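Descriptive analysis of the structure
Listed here are the chains, written in short residue letters.
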Amino acid sequence: VQLQASGGGLVQAGGSLRLSCTASGDTDSGYDIGWLRQTPGKEREVVAAIARNDDTTYYRASVKGRFTTSSDNAKNTVYLQMNSLTPDDTAVYYCASGPPGTAEIGTRSDYDYWGQGTQVTVSS
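Reading guide: rules and limits
Going along each chain's sequence as written, the residues are numbered from 1 onward. Predicted model: local features are reported for residues with pLDDT of at least 70 only, side-chain atom pairs are reported and counted for 80 or more only, and whole-chain, interface and lining totals are derived from all residues. Values shown for side chains rest on all heavy atoms present in the structure; no hydrogens or waters enter the calculation. Secondary structure counts use DSSP, requiring at least four H or I residues in a row for a helix and at least two E residues in a row for a strand, with both numbered from the N terminus. Contacts between residues were defined by any pair of non-hydrogen atoms, one from each residue, lying within 4.5 Å. Strands were regarded as paired on the criterion that DSSP finds at least two bridges between them. We define a salt bridge as a side-chain nitrogen of Lys or Arg found within 4 Å of a carboxyl oxygen belonging to Asp or Glu. Working definition: with a 1.4 Å probe on protein chains only, accessible area under 20% of the residue-type maximum means buried, over 50% means exposed, and in between means partly exposed. N or O atoms closer than or at 3.5 Å make up a polar contact, with two conditions inside protein: a donor-capable atom paired with an acceptor-capable one, and, for residues adjacent in sequence, both atoms drawn from side chains.

1. Focus: the environment of Leu36
Of note, Leu36 is situated in strand β4 (residues 32-38). Once residues lying within four places of it in the same chain are set aside, the contact partners of Leu36 are Arg44, Glu45, Val46, Val47, Val92, Tyr93, Tyr94, Ala96, Arg108, Tyr111 and Trp114.

2. Observations regarding the pairing of strand β5 (residues 45-50)
Note: β4 against β5, five bridges, orientation antiparallel. Across the sheet, Gly34 pairs through a bridge with Ala49, a residue of β5. What sits between β5 and strand β6 (residues 57-59) in their antiparallel hairpin is a turn of six residues, with Asp55 showing a positive phi close to 60°.

3. Here we look at the pattern of salt bridges
In total, this model carries five salt bridges according to the counting rule given. In this structure, Glu45 and Arg37 form a salt bridge, with 2.8 Å as the shortest nitrogen-oxygen distance. We note a salt bridge from Arg60 to Glu45, for which the minimum N-O separation is 3.2 Å. In this pair, Arg60 is assigned in the loop between β6 and β7 (67-72) and Glu45 in strand β5, connecting sequence segments 15 residues apart.

4. So, the side chain of Arg66
Assignment of secondary structure puts Arg66 in the loop between β6 and β7. When its relative accessible area of 16% is taken as the criterion, Arg66 is described as buried. Looking at Arg66, its side chain comes within polar contact range of the main-chain oxygen of Ser84, at 3.0 Å. Ignoring anything within four residues of it in the chain, the contact list for Arg66 reads Gln81, Met82, Asn83, Ser84, Leu85, Thr86 and Asp89.

So this is what it looks like as structure tokens:
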């Protein structure tokens, strides 16, 4: 599976961005998609994930209620809608895929395939 992430940019605090992650290759295989982010000097953390078999979603506590991940299976694309952004959300965001079950319990090491990162910068 190859993943292509896009949609990052610069936004003011309180604003919104939508990231996209488009999959190509072996997309018929069941896989979960996670959204992870990383800032300099910190470990990459999972912020949201979606189980592709039933579209169940999972969120990190700090983004719950502000971020929403969803999928468009016809387009092999997963989205991360980010609202009410704060400067603490500034990071490089990655999408990654993993086997079924990864969305619910996976840490960053459980994801097998990664897209390139996209920078999200939130100004105060």
